[in-house]
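# What the coordinates show
The chain contents come next:
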Amino acid sequence: MSVQEYLDKHMLSRKIEDAVNAAVRAKTPDPVLFISSHMKKAVPSVITKVKARQILDSRGIPTVEVDLFTNKGMFRASVPSGDSTGMYEAVELRDGDKGTYLGNAVTKAVKNINEKISEALVGMDPTVQLQIDQAMIDLDKTEKKDITILPTGASRFDEALQMGSETYHHLKAVIAEKYGTNGCNVGEDGGFTPNISSVREGLDIVKEAIGRTGYNDRIKIGMDVAATDFCIGTKYDLEFKSPNKSGQNFKSGEDMIQMYKELCSEYPIASIEDPFDKEDWEHSKRFCSLGLCQVVGDDLLMSNPKRMERAMHDSACNCLLLKVGSDKSDWNSDRSY
């Protein structure tokens, strides 16, 4: 085969010409390096290997870490499970042997990835997510696959990170001043746990911390209410964490809507997650229709396709918290969209 025939067979002349033109447009000082990189990008990505292992997450609980190898490099991700899972969420696969990590080991999930999932994914394009999802679904037929700040005024991720970090440290100072150093103890996810007596008290100290940063309107407040945790029948017990319950602070769904309306008018609240019980579709729908803020469905949706379809049909929320999971691979993480 002649050189020209080889170039024609693999359409190299056109590809090289495109790379050279790109180098000229970029005015690169190193055209050879640029052209090499450009040509590499033109080659489709292919999964060549998938390797999983067991690691410990931030809570000291076993989870899965996966290395995904392609013809363009290796990519790694670990995905700890959430602190709580609902009855409609993807089911985790734990070993169940109480003698090893109290039954929480994930060696079975690791084996499934290394033997079954790896075999199904090798050769696929990692950028075609729908095809990868379908391959995973074909392997697994089962159906079940505290206050925050939102730096909405940031124009870049690094700026948002800085705003969040600075607010966090100002919040620590505010809490120390008002509640002492013990108030600065943190939960397992890093959130402060001061002994506040009401939601407004918590919002006030967060608002003060935001004010000290100077960012003011560039930072909004988000709330993860998790109302399912304190719903009793059709009422909501706002004293469910209080050691000295009066038994009088129960609110109806309508009362909760009114409370949220007042909070949204008094504080820069941009997002409320799970404002009602996971089965209280009616009040979720009515509150979402007010358009006061982003209404996030987590317990309401539980990453369950049928519940998401209902939520879209009923307009019960306008944002979802997606937990990417599989009961065969134990991939689990939180994402908001």
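Below or above, wherever it landed, is the structure these notes cover. Keep in mind the model is a prediction, meaning the values are calculated, not measured.

Between two packed helices, both the angle of their axes relative to each other and the distance between the axes serve to describe the pair. The N-to-C vectors of helix α6 (residues 157–179) and helix α7 (residues 199–213) enclose an angle of 125°; their axes lie 8 Å apart at closest approach. When the interaxial angle is binned, α6 and α7 end up oblique. At the point where α6 passes α7, the crossing takes the right-handed sense. Residues E166, T167, H170, L171, A173, V174, I175, E177, K178 and Y179 of α6 touch α7, and the partners they reach there are E201, I205, V206, E208, A209, I210, R212 and T213. Residues of the contact of α6 with α7, tallied by class, amount to 9 nonpolar, 3 polar and 6 charged.

Among the secondary structure elements, D299 is positioned in the loop between β10 (294–297) and α10 (305–314). Exposure remark for D299: the relative accessible area of 15% places this residue in the buried category.

A few words on the packing of aromatic side chains. The final tally for this structure, using the stated rule, is 6 aromatic pairs. Note on Y260 and F287: the rings are 5.3 Å apart at their centroids and 50° apart in plane angle, and the pair reads as tilted. A residue pair is termed long-range when its members are at least 10 positions apart, and Y260 in helix α8 (residues 253–266) and F287 in helix α9 (residues 281–288) qualify at 27 residues. Each member of the aromatic cluster is reached from another via a ring pair, and the members are F230, Y236, Y260, F276 and F287. Sitting above the plane of the F69 ring, K49 keeps its charged end 5.3 Å from the centroid.

Within the structure shown, the criterion is met by 0 disulfides. Cysteine C293 is unpaired, with the sulfur of C264 as its nearest cysteine sulfur at 4.2 Å. C293 sits in the buried class, given a relative accessible area of 10%.

Taken together, the buried positions of helix α5 (residues 129–139) are occupied by I132, A135 and M136. Looking straight down α5, one finds its buried side chains confined to an arc of 95°; they lie on one side. Tucked inside the fold, the buried residues of α5 contact β1 (47–56) and α4 (107–121).

With that settled, consider the pattern of salt bridges. Enumeration according to the criterion identifies 15 salt bridges in this entry. For D18, the salt bridge is made with R14, and the minimal N-O distance between the two is 3.4 Å. Here the residue D18 and the residue R14 both occupy positions in helix α2 (residues 12–26), the gap between them amounting to 4 residues, near one helical turn. E266 is the salt-bridge partner of R200, the closest N and O atoms lying 3.1 Å from each other. Of this pair, R200 sits in helix α7 while E266 sits in helix α8, placing them 66 residues apart in sequence. Ionic contacts of the salt-bridge type, sharing partners, join the residues R53, E65, D67 and R76 into one network.

About the cut-offs
- Residues numbered from 1 in each chain as written.
- Predicted model: local features only at pLDDT ≥ 70, side-chain atom pairs only at ≥ 80, totals over all residues.
- Heavy atoms only, no water.
- Axes fitted to C-alpha atoms, helices over the stretch in contact; angles between N-to-C directions.
- Helix = DSSP H or I, 4+ residues; strand = E, 2+ residues; numbered from the N terminus.
- Parallel < 35°, antiparallel > 145°, perpendicular 65-115°, else oblique.
- Left-handed = near helix turned anticlockwise from the far one by under 90°.
- Contact = heavy atoms within 4.5 Å.
- Nonpolar A, V, L, I, M, F, W, Y, C, P; charged D, E, K, R; others polar.
- Buried < 20%, exposed > 50% of the residue type's maximum accessible area, 1.4 Å probe, protein only.
- Phe/Tyr/Trp six-rings, centres within 6.5 Å; stacked < 30°, edge-to-face > 60°.
- Lys NZ or Arg CZ within 6 Å of the ring centre and 35° of its normal.
- Disulfide = S-S within 2.5 Å.
- Arc of directions from axis to C-beta.
- Salt bridge = Lys/Arg side-chain N within 4 Å of Asp/Glu carboxyl O.

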